[in-house]
Amino acid sequence: MNTSLESFEKKKEYLICVDSDGCAMDTMDIKHIRCFGPCMVDEWELSQWGEAILKRWNDINLYTMTRGINRFKGLVKMLAEVNAEYCEIEDLASLEKWVEESDELSNPALKKAIEATDSICLKKALSWSQNVNESINQLPFEVKKPFEGVKKGLAHAHEYADVAIVSSANLQAVVEEWELYGLLDHVDVILAQNAGSKAYCIQELVKHGYDKEKVMMNGDAPGDHDAATKNGVFYYPILVRHEKESWIEFKETAVSRLVDGTYGGEYQQKKVDEFLDNLK
């Protein structure tokens, strides 16, 4: 399976990009509730305020307009609140600076920054991120499954379009989860956390010769919408708590509208409005 922009080849006239966690895979809630938040509490020894901090972590990452934020951006946001409300986070400024200035927010990029700075907070952030990945890997596969309607929706879309996974999740986890349920049969390229931001990945994919009026991004979070908007391509939302209905409409309506040229305008605005209202 192709996992790089460099070796991707355009085969069809249309391109549909699909996010993974919380969009195609019903994994976002469980990963944050069981892995991301608890690993942060353990790494920074915050258990005495654990209940309040974990609730706030889930608000930031799952249920508000920062849903789907990059893990390191979410971490900085949460640690800043902890630093202000509960206890000092040593060397937090170094992590804030890296998150703000780094071209790539990933474990390999963080390792390079640690070599250059020897920052204690960067070291802890890397330890946390590695522990998160390990914790996710240990989740039983029966709790990491696609939303109902995903496989049929992707199979239908793949008849007309090249399909790219565009995700900020860990590459290994994406490959394992999609492969387990046979979803990779309907995918042409996997672009995960290591490939760069979603906006960058869409930008580079479009360069392969797609008309932007024939490109769609499927997502569940504001970051997905922003990535589509920055590149001037269409956005199709998978609505939180209405994922099944969203995937049914994707298969029955959205793909055909993309193909026949009627996705833009009124229908696109309707979908964006539904998305924004759903995360209020």
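Up top is the structure.
Residues numbered from 1 in each chain as written. Predicted model: local features only at pLDDT ≥ 70, side-chain atom pairs only at ≥ 80, totals over all residues. Heavy atoms only, no water.

K.L.:
What is the right way to look at the nonpolar core in this model?
P.N.:
One broad trend across soluble globular proteins is that nonpolar side chains are buried collectively. Residues Met-40, Trp-44, Leu-95, Trp-98 and Trp-128 are the most contacted members of the largest nonpolar core, which totals 36 residues. Breaking this core down by element, the ones donating at least two residues are α1 (28-43), α2 (50-63), α3 (71-85), α4 (92-101), α5 (107-117) and α6 (120-137). What Leu-95 contacts, discounting residues up to four positions off in sequence, is Leu-75, Val-76, Leu-79, Cys-121, Leu-122 and Ala-125. In terms of nonpolar packing, the next biggest core, distinct from the first, is built from 31 residues, Tyr-14, Ile-16, Ile-238 and Tyr-263 among them. (Core = buried A, V, L, I, M, F, W, Y, C linked by side-chain atoms within 4.5 Å. Buried < 20%, exposed > 50% of the residue type's maximum accessible area, 1.4 Å probe, protein only. Helix = DSSP H or I, 4+ residues; strand = E, 2+ residues; numbered from the N terminus. Contact = heavy atoms within 4.5 Å.)

K.L.:
Could you clarify how one ought to interpret the packing of aromatic side chains in this entry?
P.N.:
Evaluated as defined, the whole model comprises 11 aromatic pairs. Measuring from centroid to centroid gives 6.1 Å for Phe-36 and Trp-128, while their planes differ by 55 degrees, and the two rings are tilted. With Phe-36 in helix α1 and Trp-128 in helix α6, this residue pair connects regions lying 92 residues apart in the sequence. We note that Phe-36, like Trp-128, is buried. Between Tyr-235 and Phe-275, the ring centres sit 5.2 Å apart and the planes meet at 75 degrees, which makes this aromatic pair edge-to-face. One end of the pair, Tyr-235, is in strand β5 (residues 234-237); the other, Phe-275, is in helix α12 (residues 266-278), and 40 residues separate them in sequence. Look at Phe-275 and you get buried, because its relative accessible area is 2%. Feature note: the residues Phe-36, Trp-57, Phe-72, Trp-98 and Trp-128 constitute an aromatic cluster, connected by ring pairs. Across from the ring centre of Trp-44, 5.5 Å away, lies the NZ or CZ of Lys-124, which sits over that ring. Sitting over the face of the ring of Phe-141, Lys-144 holds its NZ or CZ atom 4.8 Å from the ring centroid. (Phe/Tyr/Trp six-rings, centres within 6.5 Å; stacked < 30°, edge-to-face > 60°. Lys NZ or Arg CZ within 6 Å of the ring centre and 35° of its normal.)

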